[in-house]
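# Working through the structure, step by step
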Amino acid sequence: MKEFFRKMGYKFQKFMVGRYGIDQLWRVLLIVYLIGIVIANIVFRFSKPAYYVLFVISAAIIIFAVYRVFSKNIEQRRKENADWMKFTWKIKQKFRFWKDMFNQRKTHKFVKCSQCKKVLRLPKHKGKINVNCPHCHHSFVVNTGKKEVTQ
């Protein structure tokens, strides 16, 4: 029995030669499919037409995902995955920026430049300071809080 599965593994490896395989977009499509099926089964109790619509959409997603795995058009699949990674990178960067702002909220104040709308990080508790935007070179005054009095 062990030898049978080993031979099947080799045959599958030979079959997959020249095909695209699994990537990050495939994983996302699989998760979306699973979520769609779970939601469809929950909706089944309330509305059968909605169940069928969700089921068909989920089936189309998994068919597309399997098609991508076995596709021999490797360049097109790489481009699709690269586009997906570029899209998710922008979202990750936004959340990372918000996380950094939250972690530095006690020591820095974040303000937007009125001209170019870029976010500038300024030290807190320095009073009114004159800021020169490094992107558009626009000057403006910002109140960063009360000056700390040293004795």
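Spanning 30 residues, helix α4 (residues 74-103) covers 42 Å between terminal C-alpha atoms, matching the ideal 44 Å at 1.5 Å per step. Those residues of α4 that are buried are in contact with α2 (24-43) and α3 (48-70).

Turning to helix α1 (residues 2-16), a few remarks are in order. Compared with the 21 Å implied by 1.5 Å per residue over 15 residues, the 21 Å span of α1 between its first and last C-alpha is a close match. Positive backbone phi, at 85 degrees, marks G18, one or two positions downstream of α1.

Across the chain, the bulk of peptide bonds are trans and the bulk of non-glycine residues have phi less than zero. Positive phi, normally seen in glycine, also occurs at H125, with a value near 60 degrees. With respect to the element layout, H125 can be found in the loop between β2 (119-123) and β3 (128-132). Of note in the backbone geometry, H137 takes a positive phi value of approximately 65 degrees without being a glycine. The topology assignment puts H137 in the loop between β3 and β4 (139-143).

Glancing now at the packing of α3 against α4. For any two helices packed against each other, the geometry comes down to the angle between their axes and how far apart the axes lie. Close contact between α3 and α4 brings their axes to 9 Å; oriented N to C, the two are set at 125 degrees. Classified by the angle between their axes, α3 and α4 sit oblique to one another. For α3 against α4, the interelement crossing comes out left-handed. Along its contact with α3, which presents F64, Y67 and R68, the element α4 presents R77, E80 and N81. In terms of residue class, the contact of α3 with α4 is built from two nonpolar, one polar and three charged.

This brings us to a nonpolar patch on the surface. There is a patch of nonpolar side chains on the surface, built from F87, I91, F95, F97, W98 and V119 and spanning about 580 Å² of accessible area. The partly exposed category is assigned to F87, whose relative accessible area is 46%.

This part is about the environment of K92. Within the element layout of this structure, K92 appears in helix α4. Here K92 falls in the partly exposed class, since its relative accessible area comes to 46%. Separated by 60 residues in the primary sequence, K92 and V32 have C-alpha atoms spaced 19 Å apart.

With that settled, consider the pattern of salt bridges. Overall, the coordinates contain five salt bridges when judged by the stated rule. Across the pair R68 and D23 runs a salt bridge whose closest N-O atoms are separated by 3.0 Å. One end of the pair, R68, is in helix α3; the other, D23, is in the loop between α1 and α2, with 45 residues separating them in the sequence. Residue classification places R68 among the buried positions, given a relative accessible area of 0%. One network of salt bridges, in which partners are shared, links D23, R68, R77 and E80.

How each quantity is defined
Residues numbered from 1 in each chain as written. Predicted model: local features only at pLDDT ≥ 70, side-chain atom pairs only at ≥ 80, totals over all residues. Heavy atoms only, no water. Helix = DSSP H or I, 4+ residues; strand = E, 2+ residues; numbered from the N terminus. Expected span 1.5 Å × (residues − 1). Contact = heavy atoms within 4.5 Å. Axes fitted to C-alpha atoms, helices over the stretch in contact; angles between N-to-C directions. Parallel < 35°, antiparallel > 145°, perpendicular 65-115°, else oblique. Left-handed = near helix turned anticlockwise from the far one by under 90°. Nonpolar A, V, L, I, M, F, W, Y, C, P; charged D, E, K, R; others polar. Patch = residues over 30% accessible without salt bridge, like charges linked within 9 Å, V, L, I, M, F, W, Y side chains within 5 Å. Areas by Shrake-Rupley, 256 points an atom, 1.4 Å probe, with all protein chains shown as cover. Salt bridge = Lys/Arg side-chain N within 4 Å of Asp/Glu carboxyl O. Buried < 20%, exposed > 50% of the residue type's maximum accessible area, 1.4 Å probe, protein only.

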